[in-house]
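One letter stands for each residue in the lines below.
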Amino acid sequence: MSASLKLPISSVLQGGYAHPLSREWQARKKIDKSMLMYPIFITDEPSARVEVPSLPGQCRWGVDRLEEFLGPLVKKGLKSVILFGVPLNCAKDASGTPADDPEGPVILAIKKLRTLFPDLYIACDVCLCEYTSHGHCGLLNGDGTLQAEPSANRVADVALSYAKAGAHCVAPSDMMDGRIRMIKQKLLDAGYANRCLLMSYSAKFASGLYGPFRDAAGSAPSFGDRKCYQLPPAAKGLARRAIQRDMAEGADIIMVKPSLPYLDILADAAQLAPDHPLAAYQVSGEYAMIVAGARAGVYDLRAMAFETTESILRAGATLVLTYFTPQFLDWLDE
Ligand SMILES: NCC(=O)CCC(=O)O
Ligand SMILES: [Zn+2]
Ligand SMILES: [Zn+2]
């Protein structure tokens, strides 16, 4: 070989990842069980275990079935869950009254889980859409526009009720302006701010990827859409402002949602909020797409679950909300 065809030293990278172990060393962060938060659906039929067709492998569970559902997962190392209420038998109204019903599924589940699994970290999604007659995430005026402050105030009352029931974390997903400040203030006034974490869905985009969730939770809006409160998909600047605002208002964790189409936003959040844990929500439509692609033979399910989750960590997340959590608990032990 002539000397001119020799690679310069700086061109050679492959020696650095030639071995399976040296390939592992190339990750700044590896998936571990403590980073995974499992979204679960709790219905108001105490004995229910109903599969959600659009979310293969996921069910709506009644409070009486939580031990059977989560016991085996806790044994395998499940560290945290985030609860979504699915009220099927309640009277929904314009202000989402059932959201903080003391006998509603979320409050009953918090109490039950705290007793059953004292080491499990319990986060609660906070929103009104599962409980309002119109299916929107806030309170509306007669013409369908949002009532800004009353919405944030109502969401904050619901958050406080979950904190009082024993939630370790409240996570408002409603996207009402000012709700982080209002929740923090109410937690503070009631003496919960020092023991309940506030995780903000700060950059939640008006995405087409929430369909299976709305199917699971029965939370599709009865008219219109959520574009006046969830962020426009192309809005990088707005997302950055929402992240900065929520930090200033007292969020303890910042979230970006969905995950894969918004990895640049996640990377921005990591740069804007270097001192906060950063969560990413791999949402229902992402999960359903990954499962569907694997079923169609496009790729191996496990490999794609790892690839997408590692991408989310690479972009800057330190916490991932994913429906793959139960499978990761097995995969990470293999
Ligand atoms: N607040 C939760 C959602 O809006 C949807 C999540 C999902 O699609 O998994
Ligand atoms: Zn909502
Ligand atoms: Zn939501």
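Please refer to the structure higher up on the page.
A brief structural summary.

Conventions we followed
Residues numbered from 1 in each chain as written. Chains lettered and ligands numbered in written order. Predicted model: local features only at pLDDT ≥ 70, side-chain atom pairs only at ≥ 80, totals over all residues. Buried ≥ 20, exposed ≤ 12 C-beta atoms within 10 Å, placed from the backbone. Helix = DSSP H or I, 4+ residues; strand = E, 2+ residues; numbered from the N terminus. Pairing = 2+ DSSP bridges. Contact = placed C-beta atoms within 7 Å. Core = buried A, V, L, I, M, F, W, Y, C linked by C-beta atoms within 7 Å.

Before going further, it helps to examine the pairing of strand 1 (residues 36-43). In regular strands, side chains alternate between the two faces of the sheet. Most of strand 1 is tucked away: eight of the eight residues are buried. Side-chain alternation along strand 1 places L36, Y38, I40 and I42 on one buried face and M37, P39, F41 and T43 on a second face that is also buried. Relative to strand 10 (residues 319-322), strand 1 runs parallel, the two being bridged by two bridges. Bridge pairing in strand 10 links M37 to L321. In the sheet, strand 1 pairs with strand 3 (residues 59-62) via three bridges, with the strands oriented parallel. Bridging from a neighbouring strand, I42 pairs with W61 of strand 3.

What follows is about the environment of F328. Structurally, F328 can be placed in helix 11 (residues 325-331). Residue class for F328 comes out buried when judged on the 24 C-beta atoms lying within 10 Å of it. Those residues within four positions of F328 in sequence are excluded, and the remaining contacts are I31 and L36.

Bringing the environment of F306 into the picture now. Mapped onto the fold, F306 is located in helix 10 (residues 301-315). Along the chain, F306 and W331 lie 25 residues apart, while their C-alpha atoms are 9.4 Å from each other.

This part is about the nonpolar core. With 97 residues, the main nonpolar core has L83, C124, Y162 and V170 as its most contacted residues. For this core, the element with the most residues is helix 4 (residues 148-165), which contributes eight residues. Ignoring anything within four residues of it in the chain, the contact list for L83 reads I40, I42, V106, A109, I110, I122, C124 and D125.

Distances and angles like these do not, on their own, reveal function.
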